[in-house]
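In case you want the letters, here they are:
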Amino acid sequence: MEKIIDIEDRIPTLKERRRRRTNKKFSILLFLFVTTLLVVLYFQSSYSQIQTIKVFGAVLVPKEQYIKQSTLNLGDSMWSFRENHISKLLEQNEWIASAEVHRNWLTGVNIQVKEYKKIGYEENGNRLDIILENGKKIETDGQLVPMDGPILSGFEDEKIRLRLLKELKSLNSEVLMTISQINYTPSENDAYSIQVFMNDGNEVQAIIPSFSKKMNFYPSIVAQLNPDVKGIIDLEVGSYFQPFKDMNEKVGEEEATEIEEEQTP
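For clarity, every value in this text was computed on a predicted model and none was experimentally measured. (Residues numbered from 1 in each chain as written. Predicted model: local features only at pLDDT ≥ 70, side-chain atom pairs only at ≥ 80, totals over all residues. Heavy atoms only, no water.)

Draft legend 1. Quick peek at the overall build of the chain. A count of helices and strands for the chain gives 8 helices and 13 strands. Partitioning the contacts of the chain with sequence separation of at least 6, the portion at a separation of at least 24 is 48%. Here the chain has roughly 17300 Å² of accessible surface; of this, 53% comes from carbon and sulfur atoms. (Helix = DSSP H or I, 4+ residues; strand = E, 2+ residues; numbered from the N terminus. Contact = heavy atoms within 4.5 Å. Areas by Shrake-Rupley, 256 points an atom, 1.4 Å probe, with all protein chains shown as cover.)

Draft legend 2. Focus on the pairing of strand 4 (residues 118-124). The buried fraction of strand 4 is high, at 5 of 7 residues. Count of turn residues in the strand 4/strand 5 (residues 127-132) antiparallel hairpin: 2 residues, of which Gly125 carries a positive phi of about 70 degrees. Relative to strand 7 (residues 151-153), strand 4 is paired through 2 bridges, and the arrangement is parallel. When the sheet's bridge partners are listed, Glu122 is paired in strand 7 with Leu152. (Buried < 20%, exposed > 50% of the residue type's maximum accessible area, 1.4 Å probe, protein only. Pairing = 2+ DSSP bridges.)

Draft legend 3. Focus on the packing of helix 2 (residues 63-70) against helix 3 (residues 83-90). The N-to-C vectors of helix 2 and helix 3 enclose an angle of 125 degrees; their axes lie 9 Å apart at closest approach. Regarding the angle of helix 2 to helix 3, the classification is oblique. For the pair helix 2 and helix 3, the sense of crossing is right-handed. Each of Tyr66, Gln69 and Ser70 in helix 2 lies in contact with helix 3, whose residues at this interface are Ile86, Leu89 and Leu90. (Axes fitted to C-alpha atoms, helices over the stretch in contact; angles between N-to-C directions. Parallel < 35°, antiparallel > 145°, perpendicular 65-115°, else oblique. Left-handed = near helix turned anticlockwise from the far one by under 90°.)

Draft legend 4. Seen up close, the nonpolar core. Ranked by size, the top nonpolar core spans 29 residues in total, and within it Leu168, Ile182, Ile194, Phe211 and Met215 carry the most contacts. Elements with a contribution of two residues or more to this core: helix 4 (158-169), helix 5 (173-176), strand 8 (179-184), strand 9 (193-198), strand 10 (203-207), helix 6 (211-215) and helix 7 (218-222). Broken down by element, the residue count for this core peaks at 4 residues, all from helix 4. For Ile182, the contacting residues outside a window of four places in its chain are Pro150, Ile151, Leu152, Ser153, Phe155, Leu164, Leu168, Ile194, Gln195, Val196 and Phe211. Residues Tyr66, Ile86, Leu90 and Ile138 belong to the second largest nonpolar core, which totals 25 residues. (Core = buried A, V, L, I, M, F, W, Y, C linked by side-chain atoms within 4.5 Å.)

Draft legend 5. Just the sheet that holds strand 2 (residues 96-104), in detail. Read from one edge to the other, the open sheet built from 3 strands follows the order 1-3-2, with strand pairing classed as mixed. Single-partner strands in this sheet number two, and they are strand 1 (52-56) and strand 2. The average undirected angle you get between the axes of adjacent strands in this sheet is 15 degrees. Bridge count between strand 1 and strand 3 (residues 108-115): 5 bridges; the pairing is parallel. Bridging across to strand 3, Val55 finds its partner in Ile111. Along the sheet, helix 2 contacts strand 1, strand 2 and strand 3; its crossing angle with strand 1, the most-contacted strand, is approximately 120 degrees.

Rendered as structure tokens:
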């Protein structure tokens, strides 16, 4: 026979369940209210605004220029922009290989740019424009620039210029830094002939297609020469050195000194 439970005995249990349900609903409503309030306060406070914009990797142009091009400003909402959209804006610059934009915690934005490598400079009237490894130029508006690459002169032919830039990209960096200027000096026999002036006072005669391969031997070549005697190193066919003083005395080409090339640059 089933035990009959009086309704009065069940009332405390029902009341406890009802109380628990009520407390649970209240807790949920309170949580939603507090969360909403905090969100509203956050968006109304400075903690939702951009307080710092940092640029990393800028060498060719000032950091301020990247910040201006990003369209981001201090005080803007941290959530009013898309990172991918800002990256694409910066990558429209011909000197930018890639750009990444990231939010840094709650109030900062980091911009990381990867610029194309600077290969040298090109004469443009009374100023020098920067030449990049992708063949593009950056106008300097006459500003002074560090002479950390060769000056290219006479390379109006775009095909010839790009072919030279390809060779310069293949040069060892320490060799590239020793070059002062490269003049385009085509001849009837070779349209790729160039004249190269070195920072150490020597001059190099070469042709563009084999330039990087032979010029990477330059340190070992000059190591065989008297440092007090400057002259022309001919790399067009073999490797020959002729002092300037001998040329002034009209010494024949047959008296030039042949240079031995080492097997490794």
